[in-house]
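Chain and residue survey
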Amino acid sequence: VIKEARRYRPPAVTVMRKCEHDDKVLGDCVIPAGAIVYTSPWVVHHYAGNWTRPEEFDPSRWATIGTHEEASSSSSSSASLSNTSNTTTSTSSSSSSSYVQPGAFIPFMMGSRNCIGNRFAMLEMKAVIALLVRR
């Protein structure tokens, strides 16, 4: 439920970053140093190319898929998450190894620039759910 809530309503609607050096992305497109780049977790999380029925709140989708981090840590602890260009998601329940590609699930962003409040927010959400279930 927590992952789906974070996908459906990410904590930040947009995130801004300043490009430190020229970077080539999406084929021949170059982002020059000093350019401001906006990313929207909400748009990424509601993009039909990444998710089956993206506008539907469906916690059961996480029963058949995992995040790339979970798949990487179970296969190799030294796996790199630097490839963020492929954001295709396999959500077919017939595939036992389906997972969310890097960059398709970014409620607190990813990599070295992810939100430092991620762990606290997760603990807080778990505590609130535990209190609600207790009552």
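Since we're looking at a predicted model, the values are computed, not measured.

How each quantity is defined
Residues numbered from 1 in each chain as written. Predicted model: local features only at pLDDT ≥ 70, side-chain atom pairs only at ≥ 80, totals over all residues. Heavy atoms only, no water. Helix = DSSP H or I, 4+ residues; strand = E, 2+ residues; numbered from the N terminus. Buried < 20%, exposed > 50% of the residue type's maximum accessible area, 1.4 Å probe, protein only. Contact = heavy atoms within 4.5 Å. pLDDT = per-residue confidence, 0-100.

Topic: the overall build of the protein
Summing up its helical and strand segments, the protein has 5 helices and 6 strands in all. Reading the protein from its N end, one meets helices and strands in the order α-β-β-β-β-α-α-β-α-β-α. Per-residue burial for the protein yields a buried fraction of 28% across its 135 residues. Residue pairs at least 24 apart in sequence account for 59% of intrachain contacts in the protein once pairs closer than 6 positions are excluded.

With respect to the confidence of the model for the protein
Looking at the protein as a whole, its pLDDT mean stands at 77, while 76% of the residues score no less than 70. The spread of mean pLDDT over the elements of the protein runs between helix 4 (residues 68-75), the lowest at 48, and helix 2 (residues 41-45), the highest at 93. A low-confidence stretch, residues 71-97 (pLDDT under 50), is modelled with 37 contacts involving residues beyond four sequence positions or located in other chains.

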